[in-house]
Amino acid sequence: MSARKWVGTPLKRKEDPRFLTGKGTYTDDLKLPGLLHVALLRSPHAHARILSIDASAALAAPGVVYVMTGEEVRRLGQHTPNMLAAPYNLIKDFCMAGEKVRYVGEAVAAVVAETKYQAEDALELVQVDYEPLPAVMDTDKALEKDAPLLHEEVPSNHVWHKVFDYGDVETAFREADHVTKARLHFHRFTSAPMEPNVIMANYDPSRNELTIWSNSQRPVFNRRFIARGLNLPEERLRFICPDIGGGFGIKNDSYPYMILVGLLALRTGRPVKWVEDRTGHLQASAHGSEIKFDGEIAMKKDGTILGVRARAVHDEGAYIRREPIGVINFIRHATVSYRFQNLRMELSSVVTNKCPVGPNRSYGKMQQCFLVERLIDMAAREMGLDPVEIRLKNFVAPEEMPYESPSGCILDGGDYPQAMRRAVAMIDYAKVRQEQAAARQEGRYIGIGIALGMDACPVNSGIVRLVTPESRASGDSEAAWIRMDETGRIVAACGSVPQGQGHETVIAQIIADELGVTPDDVYVNPGLDSARDPSTVHSGTYASRFAIVGVGAVLGAAAKIRDKILRIAAHNLESEPSRLELNEGKVIDKETGASLTLRDVAHLAWRDLANLPDDLEAGLYAHHIYRPPFHLPKNDQQGNFSLTYSYSVVAMVVEVDSETGKVKVKRMAYVDDCGTRINPLIVEGQIHGQIGHQLGAALYEQLYYDDGGQLVTSTFKDYLAPTAADIPHFEVDFVETPSLFSPLGARGMGEGGGSPLIAAISAVSDALAPFGVELTDTHLAPERTLRLIQGGPQRDPGL
């Protein structure tokens, strides 16, 4: 590869002009002749039998073309499978409720009309007779022997269970000088992207092809589920993703709605569009993981961590879709950044009458970080030790890299002590500790929180074998192609589906370095069209995979094009490829100075074929599929299920108002190590987004259900997604240690392992130490904080 000129440069995004001037093209901007619109009737009950549905009045309403119910869905398609073992693989998950509803917001009927307003009006005319059933809203109650069953076809609400055991946990706890125990709760929240789910479908009978436009993060990945739900062969499906207004994981599993809209297009014979409203999104798209931990940490009196053991009960909501991948994602960095060798995790998946769980920024990984980091903080307080010093004592050292953890993950480099020291220096840790003591004398309550978050990426699909041993899945892959036409114009495409990550810019930077041009000389196809762009069964943007597999695919295709350019030029310059370099749009012989422009070479490749080497294929086109060097799991307990392990450290100073329970973030330092920063400007922007999401989750956001199963926070009036005005000032810095294993030394970034959220809980708990309070919940609701202050020494029981 040429010396890097563009990789590492903080270029403004090529995409920005169209976004900033309102010229982006989103799915709802698309119109087709004869387009129909869909409105969904959603269940008002958390758990109820559907006795009957009468849609006759709706069908007679102005503009209404069709009404579909769950009974018809079952006749037309198949349910989407899960990865659970028998008998729990019998759970049937259709795109619409059939014999009963299992959460508030589950779709029970779809009205199709000429306009969306006619469709919405006709919903009120659909009569549904329900028989309400007891709602199961808590995992503890769901596990009771006499608990109502969500799915009668299986024997229990406890649908999956497994114990992962590493080292000698019993000895570690027996030899410990101190053991800290806690029941922790990681609360339910979502990503709240600006653009909710939008899907349009059109069936072309002449080609027997169904085209689905959507803002899904990975439509090709989900193709097998969608094909099954539609009863269509996979090759009859075409997916198009235009610009997307944010995803953050929550748009990974929109395939039930893609199936539903596809069925409506097939039944009506016309193009059909569905636009999700905000309440529907909060009620029934997907929710982030909710977990109850019963955890313990074993310590030596000098602060050495001997081991951790925990029981983790995951509230999966009503259906098992991507789960229990989020449950076993703990294994991808089970001991986070620490050296302890003894760990036991007892994991359970339990279904309840809530919206199903799906991926959400740092899915299943920030939860494990929260468990370990919170236990360290609680142990530090009980033992009178400094939480920073405990971490520094137990970190894996840079010279130990690559480091294999007891669960089999291989850390790919990093300098955790340097990142920690830099973060605490940014807030002037020692000085703030002095200010904290002085403030307490004045009746003011300042707290300091420290947290390290880790996010492993991409994911080795072999992790599925830990749930389903007979699975034949393993590895990961992504595809890219590059074409230089006869004029020298460069066009590229990748199977990734960006939602604001700047892939068009980054791909252009990588290709520019490889081919000796500028990023402005490279056009990257926006979005995804599966009939035009390359893809594999893994394609999409999720699990922070682009910086590894997307970049690997682009580099591979660029290297093939580069090699071909050099061979053509060497043949015509009577030189050798090793003597040539690509620079400023030319191929130059470093010894003679003779040169050809890339346009000259492209003309030779496409038009002047007699002047090509005899053994060289005409044209300048390259397709490459990159696969990371993943292996099968070692056994049913261990394996390296990611290639890179990005991490971040947050040091935070807060002040808690003891009269209101409100939290003010006074200072926040964020230090990140995502390896090589291909575009530092984009990296920092992604980090700002992560801080907004995860700090927002701690301070503002919660998906809260009442005992009857109603989602209380079902609008932005109640679900407090923060704006820029609500996020405090923060400082960002970097430690840059290139990954030992990825193509450019880059790691995934922008998910961060929950460090802002965890640091916020740590800081508020530190502030409340004079009251004898220890926080165990991830949501800092002011009313609960005030109740804890007024209640005297206790551990936070959560909501």
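Presented here is a report on the structure given in the accompanying data block.

With that out of the way, let us pick up the overall build of the protein chain. Summing up its helical and strand segments, the protein chain has 20 helices and 31 strands in all. Dimensions along the principal axes, computed over C-alpha positions, put the protein chain at roughly 85 × 70 × 50 Å. Looking at the protein chain residue by residue over its 799 residues, the buried ones come to 64%. Total accessible area on the protein chain is roughly 28,800 Å²; 50% of this is exposed by carbon and sulfur atoms.

Along the chain, the position of Lys273 falls in strand β12 (residues 272–275). Among the polar contacts made by the side chain of Lys273, one reaches the main-chain carbonyl oxygen of Asp28 at a distance of 3.0 Å. When residues no more than four places from it in sequence are discounted, the contact partners of Lys273 are Thr27, Asp28, Leu30, Lys31, Leu35, Leu36, His37, Val38, Ile199 and Met200.

The subject of this paragraph is the packing of aromatic side chains. Applying the stated criterion across every chain, the model contains 13 aromatic pairs. Residues Tyr338 and Phe395 carry aromatic rings whose centres are separated by 5.3 Å and whose planes lie at 10° to one another, so their mutual orientation is stacked. Linking Tyr338 in the loop between α10 (325–328) and β15 (342–350) with Phe395 in the loop between α12 (387–394) and β16 (403–404), this pair joins segments that are 57 residues apart in sequence. You can call Phe395 buried: its relative accessible area is 1%. Linked through ring pairs, Tyr338, Phe395, Tyr416 and Tyr647 together constitute an aromatic cluster. The ring of Phe221 is capped by Arg218, whose NZ or CZ atom sits 4.2 Å from the centre of that ring. Sitting above the plane of the Phe221 ring, Arg224 keeps its charged end 5.4 Å from the centroid.

Here we take up the pairing of strand β10 (residues 209–214). Within β10, six of the six residues are buried, which leaves it mostly tucked inside the rest of the structure. Residues Glu209, Thr211 and Trp213 point to one face of β10 and Leu210, Ile212 and Ser214 to the other, with burial holding for every one of them. Pairing between strand β9 (residues 198–204) and β10: six bridges, direction antiparallel. Pairing of Tyr203 across the sheet is with Leu210, part of β10. In the sheet, β10 pairs with strand β11 (residues 237–241) via four bridges, with the strands oriented parallel. Across the sheet, Trp213 pairs through a bridge with Ile240, a residue of β11. What joins β10 to β11 is helix α7 (residues 223–230), and the crossover it makes is right-handed.

We now examine the sheet that holds strand β5 (residues 107–113). The strand order across the open sheet built from eight strands is β3-β5-β1-β12-β9-β10-β11-β22, with neighbouring strands paired in mixed fashion. Each edge of the open sheet carries a strand with a single partner, namely β3 (64–69) and β22 (528–529). Where β9 meets β12, four bridges bridge the pair, whose relative direction is antiparallel. Residue pairing across strands places Val198 opposite Val275, the latter belonging to β12. With respect to the sheet, helix α4 (residues 116–123) is in contact with β1 (36–42), β3 and β5, its orientation differing from that of β1 by roughly 25°. Packed onto the sheet, helix α8 (residues 255–268) meets β1, β3, β5, β9, β10, β11 and β12 and runs at close to 35° relative to β9.

Take the state of the cysteines next. In a disulfide, the sulfur atoms of two cysteines are held together by a covalent bond. Scanning the model with the defined rule gives zero disulfides in all. Free of any disulfide, Cys241 has its nearest cysteine sulfur in Cys494, 13 Å distant. Given the relative accessible area of 2%, Cys241 is considered buried. Here Cys409 is not disulfide-linked; the sulfur of Cys369 is the nearest cysteine sulfur, at 11 Å.

Okay, a negative patch on the surface next. Together, Glu120, Asp121, Glu124 and Asp277 make up a region of like negative charge exposed at the surface. Note that Glu120 resides in helix α4.

With 13 residues, helix α15 (residues 503–515) should cover 18 Å at 1.5 Å per step; its first-to-last C-alpha distance of 18 Å lies within 8% of that length. Most of α15 is tucked away: 13 of the 13 residues are buried. One or two residues past the end of α15 sits Gly516, with phi positive at roughly 70°.

Geometrically, the link from Ala86 to Pro87 is a cis peptide bond, its omega value of 5° lying close to zero. Here Pro87 is to be found in the loop between α3 (70–76) and β4 (100–101). Phi is positive for Phe248, close to 65°, though the residue is something other than glycine. A positive phi angle, close to 50°, is found at Glu574, a residue other than glycine. Within the element layout of this structure, Glu574 appears in the loop between α16 (546–573) and β23 (580–583).

Reading guide: rules and limits
Residues numbered from 1 in each chain as written. Predicted model: local features only at pLDDT ≥ 70, side-chain atom pairs only at ≥ 80, totals over all residues. Heavy atoms only, no water. Helix = DSSP H or I, 4+ residues; strand = E, 2+ residues; numbered from the N terminus. Buried < 20%, exposed > 50% of the residue type's maximum accessible area, 1.4 Å probe, protein only. Areas by Shrake-Rupley, 256 points an atom, 1.4 Å probe, with all protein chains shown as cover. Polar contact = N/O pair within 3.5 Å; in protein donor to acceptor, adjacent residues only side chain to side chain. Contact = heavy atoms within 4.5 Å. Phe/Tyr/Trp six-rings, centres within 6.5 Å; stacked < 30°, edge-to-face > 60°. Lys NZ or Arg CZ within 6 Å of the ring centre and 35° of its normal. Pairing = 2+ DSSP bridges. Right-handed = clockwise from strand over helix to strand, strands pointing away. Axes fitted to C-alpha atoms, helices over the stretch in contact; angles between N-to-C directions. Disulfide = S-S within 2.5 Å. Patch = residues over 30% accessible without salt bridge, like charges linked within 9 Å, V, L, I, M, F, W, Y side chains within 5 Å. Salt bridge = Lys/Arg side-chain N within 4 Å of Asp/Glu carboxyl O. Lys, Arg positive; Asp, Glu negative; His and termini not counted. Charge placed at Lys NZ, Arg CZ, Asp CG, Glu CD. Expected span 1.5 Å × (residues − 1).

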